[in-house]
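Read off the chains here:
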Amino acid sequence: MTIYADYQRDRIGWFFGLSGGQLIFLALASLPAFWAISRAAWFSAFLFALVWLFLLAITVIPVRGRSATGWVFASTMYAGGGLLGWTSFRARASVGRAEDLDTPDLPGVLQGIKIHDGPPHGSQLQRVGVIHDDATRSWAVTASLVHPGIGMKDTEERGRYGEALAGLLDVAGRTEKIDEILFMVRTVPEDGAERDLWVNKHRRAHAPQLSAVVNSDLAVGLTQASVRTEQFVTIVVPETRIVRSAKESGGGFEGRCRELYLLMAEIEAQLRGPMGMTSVRWLTSPELALASRTGFAPGDRAGIVEALAMREKDPSMNADVPWALAGPSGADATVRHYSHDAWNSISATIKLPTRGVAMGALAPILTPSESDERRSFVVAFPIVPQSRADRQSGNAEWAADLAEGMNEKLGRKTRAKQRDEAHKARGLDAKLAHGNALVRPYAVCTVTVPKTLRITEFGRRLDASIRRAGFAPLRLDLAQDVGFAASTIPVGTSLTRSGDA
């Protein structure tokens, strides 16, 4: 079994786990109490002490992964958005106002994206779909992947795949242009569309009736028990990191695409080589629209597959999904789940355990519990710039030394967990010096079911699957729409990127 445990907290509190900002805030909040003590105003000092204890509680004690102030801020923003009508989305096509079919009409955090056709690329002159996000000022491209999986691999081969993933992130970090790499997997219920087409194409008119009945029964049983897996990888590049090199490549959109194509070639070489991908196909704009549409409405896939098959016989058949129709007709972001068309979704993020995780541990999360259920997750690897990584490494090492020194002076015993974190913080500098990249990985899991089923029950099953896999779930309350977009729609949506990096 290959265990990965070489990670640590993003920041180590250097005074009993408190960060510098929290310590300064609490120190300033205690000044009124000391001022009252100096004036011998004991009752006022008692009241100020109670206020300080209240501030200490809401600053330090987390509630379901967030501080109390974080919950207050998120609840206020959600309530304000609801009053202004920002939590509900109605597509322009659903009210008869869709004008340009090539313009995406997507809800929530996806509203700012534009899809461009890149210049001809590769031996087949493929025009890759380039995703431009105006809100975060970033560019992204997405590829569809096929990997044989690691379920039947031995320990050595799993370890090799893990080293290959680390090598991929190091290569991405050395480009100094890629900001984030996202791996997305969707376990889609099998609709039997391809099998029905194949059976109808090869059906014999004089076949025995019993054979036809047996085949039909097998098709129904196997379709209900089967799932298909879709895998995507997205690389995200901020505008500020390619604007200079894009000018050297010709400038404008063409120059940016040339820079993106160079990065795609570097990443594809790592994917096909050490990581063992059997297929890497960069998606065009129509293919991205299809992936977006089936992300919002998994039940539409069978009709699109049938239309694509009919177009092979009749070229006038329209099997494309325009970007204006790639989103849901309506969507509502509620507190505990996300509602889109005839489907409901619940998203949860994963907290890594301190003891480490085994490679392949995420597999139970992707296993649906019923036939109409879809599971999806994204594992994102935001890459910290080298200068910021060096500064963060130095701060973490200094905080670890200071925390140990203060514990010794106060006679407080340093726990084994704190010693491990301090050891990892001191080893981080050596890894950065050897050329390794510093990343802040996170994962988001989502379950999607028809509205005829109880979404709360499937949310509970998703939490149980996450815990069974060895992780701790954290439901993305008040941010369910963002979690769904990040884990299900392969256009590079991130939970950590709020502006130009």
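All values reported here derive from a predicted model rather than from experimental measurement.

To continue, consider the overall build of the chain. Helix and strand counts for the chain come out as 14 helices and 17 strands. If you line up the chain on its principal axes, its C-alpha atoms span 100 × 50 × 50 Å. The contacts in the chain between residues at least 6 apart in sequence include a share of 77% that link residues at least 24 apart. When the accessible surface of the chain is summed, it comes to about 26600 Å², and 58% of that surface belongs to carbon and sulfur atoms. Taking the average location of the 58 positive side-chain charges in the chain and that of its 53 negative ones, the two points are 6 Å from each other.

Locating S345 in the fold gives a position in strand 13 (residues 343-351). The buried category is assigned to S345, whose relative accessible area is 1%. A distance of 2.7 Å separates the side chain of S345 from the side chain of T448, its partner in a polar contact. Excluding anything up to four places from it in sequence, S345 contacts H337, Y338, H340, T446, V447, T448, I455, Q480 and F484.

So, on to the packing of aromatic side chains. Here the structure, examined in full by the defined rule, presents four aromatic pairs. Each ring, one from F296 and one from F484, has its centre 5.4 Å from the other, and the planes form 50 degrees; the classification is tilted. Taken together, the residues span a long stretch of sequence, with F296 in helix 9 (residues 285-296) and F484 in helix 14 (residues 480-488) at a distance of 188 residues. Judged by its relative accessible area of 1%, F296 falls in the buried class. Among the aromatic residues, those joined into a cluster by ring pairs are F296, Y338 and F484.

This paragraph deals with the pattern of salt bridges. Where charged atoms from two side chains of opposite charge approach closely, those side chains can pair. All chains considered together, the criterion is met by 20 salt bridges. A salt bridge links R186 to E230; its shortest N-O distance comes to 2.8 Å. Taken as a pair, R186 in strand 8 (residues 180-189) and E230 in strand 9 (residues 227-238) lie far apart in primary sequence, 44 residues in all. E230 carries the same exposure label as R186, and that label is buried. A salt bridge links E457 to R460; the nearest nitrogen and oxygen atoms lie 2.7 Å apart. Within this pair, E457 and its partner R460 are both found in helix 13 (residues 455-468), separated by three residues, close to a single helical turn. Take R460: its relative accessible area is 47%, and that puts it in the partly exposed class. Here the salt bridges share partners, and the residues they tie into one network are E370, E457, R460 and R461.

Turning to a nonpolar patch on the surface, a few remarks are in order. A cluster of nonpolar residues, F43, F46, L47, L50 and L53, forms a patch on the protein surface that exposes about 520 Å² of accessible area. What makes L50 partly exposed here is its relative accessible area of 42%.

What follows concerns the pairing of strand 15 (residues 374-382). For strand 15, the buried fraction is high: nine of the nine residues fall into the buried class. Burial along strand 15 is two-sided: R374, S376, V378, A380 and P382 and R375, F377, V379 and F381, pointing in opposite directions, are all buried. Strand direction decides the pairing type here: strand 8 and strand 15, joined by eight bridges, are antiparallel. From the neighbouring strand, T187 faces strand 15, where its bridge partner is R375. Two elements, strand 15 and strand 16 (residues 442-450), share seven bridges in a ladder whose sense is antiparallel. Residue pairing across strands places S376 opposite T446, the latter belonging to strand 16.

Our focus in this paragraph is the packing of helix 7 (residues 239-248) against helix 8 (residues 252-272). The interhelical angle for the contact between helix 7 and helix 8, taken along N-to-C directions, is 105 degrees, at an axis separation of 9 Å. Our classification of the angle between helix 7 and helix 8 gives roughly perpendicular. Across the interface between the two elements, E239, I242, V243, S245 and A246 from helix 7 touch G255, R256 and E259 from helix 8. When grouped by side-chain class, the residues that make up the contact of helix 7 with helix 8 number three nonpolar, two polar and three charged.

Along helix 7, the residues classified as buried are E239, I242, S245 and A246. Angular distribution of buried residues about the axis of helix 7 spans 140 degrees; they occupy a single face of the element. Projecting away from the buried face of helix 7 at angles above 90 degrees are the exposed residues R244, K247 and E248. In the core, the buried residues of helix 7 are packed alongside strand 7 (138-146), strand 9 and helix 8.

Let's shift gears to the confidence of the model for the chain. For the chain, per-residue confidence averages 84 on the pLDDT scale, and residues scoring 70 or more make up 95% of the total. For the chain, per-element mean pLDDT is lowest for strand 1 (residues 3-4), which scores 68, and highest for strand 7, which scores 94.

Ranked by internal contacts, the top residues of the largest apolar core, which has 50 residues, are I181, F183 and L271. Counting residues per element, this core draws most heavily on helix 8, which supplies seven residues. Apart from the residues lying within four places of it in its own chain, the contact partners of I181 are L168, L169, A172, V233, T234, I235, I267, V379, A380 and F381. Counting 33 residues, the second-largest nonpolar core is a separate cluster that includes A91, W323, Y338 and V444.

Within the secondary structure layout, W343 lies in strand 13. Sequence separation of W343 and L453 is 110 residues, and the distance between their C-alpha atoms is 9.2 Å. With residues near it in sequence (within four places) discarded, W343 still touches F296, A297, P298, G299, Y338, D372, T448, V449, P450 and K451.

Bringing the packing of helix 4 (residues 155-175) against helix 8 into the picture now. For the pair helix 4 and helix 8, interaxial distance at closest approach is 10 Å and the crossing angle is 165 degrees. The orientation of helix 4 with respect to helix 8, classified from their angle, is roughly antiparallel. Of the two elements, helix 4 crosses helix 8, and the hand of that crossing is right-handed. Residues G167, L168, V171, A172 and T175 of helix 4 touch helix 8, and the partners they reach there are L263, E266, I267, Q270 and L271. Per-class residue counts for the contact of helix 4 with helix 8 are six nonpolar, three polar and one charged.

Conventions used here
Residues numbered from 1 in each chain as written. Predicted model: local features only at pLDDT ≥ 70, side-chain atom pairs only at ≥ 80, totals over all residues. Heavy atoms only, no water. Helix = DSSP H or I, 4+ residues; strand = E, 2+ residues; numbered from the N terminus. Contact = heavy atoms within 4.5 Å. Areas by Shrake-Rupley, 256 points an atom, 1.4 Å probe, with all protein chains shown as cover. Lys, Arg positive; Asp, Glu negative; His and termini not counted. Charge placed at Lys NZ, Arg CZ, Asp CG, Glu CD. Buried < 20%, exposed > 50% of the residue type's maximum accessible area, 1.4 Å probe, protein only. Polar contact = N/O pair within 3.5 Å; in protein donor to acceptor, adjacent residues only side chain to side chain. Phe/Tyr/Trp six-rings, centres within 6.5 Å; stacked < 30°, edge-to-face > 60°. Salt bridge = Lys/Arg side-chain N within 4 Å of Asp/Glu carboxyl O. Patch = residues over 30% accessible without salt bridge, like charges linked within 9 Å, V, L, I, M, F, W, Y side chains within 5 Å. Pairing = 2+ DSSP bridges. Axes fitted to C-alpha atoms, helices over the stretch in contact; angles between N-to-C directions. Parallel < 35°, antiparallel > 145°, perpendicular 65-115°, else oblique. Nonpolar A, V, L, I, M, F, W, Y, C, P; charged D, E, K, R; others polar. Arc of directions from axis to C-beta. pLDDT = per-residue confidence, 0-100. Core = buried A, V, L, I, M, F, W, Y, C linked by side-chain atoms within 4.5 Å. Left-handed = near helix turned anticlockwise from the far one by under 90°.

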